[in-house]
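# Secondary and tertiary structure notes
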Amino acid sequence: MQVFRCPICGGELELYEKNHIGKCQYCGSTVAIPHNFEKIGNLFNRANFLRQTNQFDKAIGVYEEILKEDNENSAAHFGLLLSNYGIEYVQDSKTREMIPVCHRAKEKSILQDPEYLKALDCADTTTKNIYTQDAEKIDKILRKIINASRNQEQFEIFISYRKTNEAGERTEES
């Protein structure tokens, strides 16, 4: 039997078969298990690992591969959404809660993104609730980032350095 890794932290999940939900034994997150995991579980684990290690473009490619196999897979649509927004989860040192970190802020709300809407459309009620809570948390963070960037003074920056000196050796700046 394949092991489905937590899409939040990569830990092993305790599965609740009847409703395709799992609870991570490490970070405590409740996550949706793809309905056809037995068939494409390795692809899911690979895509989630790539996203967790901030290799978002590679993760996007794997999620798209999953969607070619099954375009009604809500977990793949949600994973693609997370990769498009560059979402990584880190553990809060005080609360131990897994907090989303956004590496790719976009002006458009994550709640209006076509991948999010497709994930909801393909999901059962329990899975929709999980996705909605996660997306709303991410959207609040993204709004703060966008608002902060709008209120900052604009700068143009040019960074230049010399990689090697006349002798072909690396410079201190490099």
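Our structure is the block above this text.
As the structure is a prediction and not an experimental result, all values here were calculated from the model.

Basis of the calculations
- Residues numbered from 1 in each chain as written.
- Predicted model: local features only at pLDDT ≥ 70, side-chain atom pairs only at ≥ 80, totals over all residues.
- Heavy atoms only, no water.
- Axes fitted to C-alpha atoms, helices over the stretch in contact; angles between N-to-C directions.
- Helix = DSSP H or I, 4+ residues; strand = E, 2+ residues; numbered from the N terminus.
- Parallel < 35°, antiparallel > 145°, perpendicular 65-115°, else oblique.
- Contact = heavy atoms within 4.5 Å.
- Nonpolar A, V, L, I, M, F, W, Y, C, P; charged D, E, K, R; others polar.
- Phe/Tyr/Trp six-rings, centres within 6.5 Å; stacked < 30°, edge-to-face > 60°.
- Buried < 20%, exposed > 50% of the residue type's maximum accessible area, 1.4 Å probe, protein only.
- Lys NZ or Arg CZ within 6 Å of the ring centre and 35° of its normal.

The axes of two packed helices give the description: the angle between them and the distance between them. The N-to-C vectors of helix H3 (residues 74–84) and helix H5 (residues 125–150) enclose an angle of 5°; their axes lie 12 Å apart at closest approach. Taken together, the axis directions place H3 and H5 in an arrangement best described as roughly parallel. Contacts from Ser-74, Ala-75, Phe-78 and Leu-82 in H3 reach Thr-127, Tyr-131, Asp-134, Ala-135 and Ile-138 in H5. Along the lines of polarity and charge, the residues of the contact of H3 with H5 split into 6 nonpolar, 2 polar and 1 charged.

Following the sequence through the fold, Ser-74 ends up in helix H3. As for Ser-74 and Lys-128, which are separated by 54 residues in sequence, their C-alpha atoms are 9.1 Å apart. Filtering out sequence-adjacent residues up to four positions away, Ser-74 remains in contact with Ala-119, Cys-122, Ala-123, Thr-127 and Tyr-131.

This part is about the packing of aromatic side chains. For the structure on display, the rule yields 1 aromatic pair. Geometrically, the ring pair formed by Phe-78 and Tyr-131 is stacked, given 4.2 Å between the ring centres and 10° between the ring planes. In this pair, Phe-78 sits in helix H3 while Tyr-131 sits in helix H5, placing the two residues 53 residues apart along the sequence. For Phe-78, a relative accessible area of 6% gives the class buried. The ring centre of Tyr-85 lies 4.9 Å from the NZ or CZ of Lys-106, which sits over that ring.

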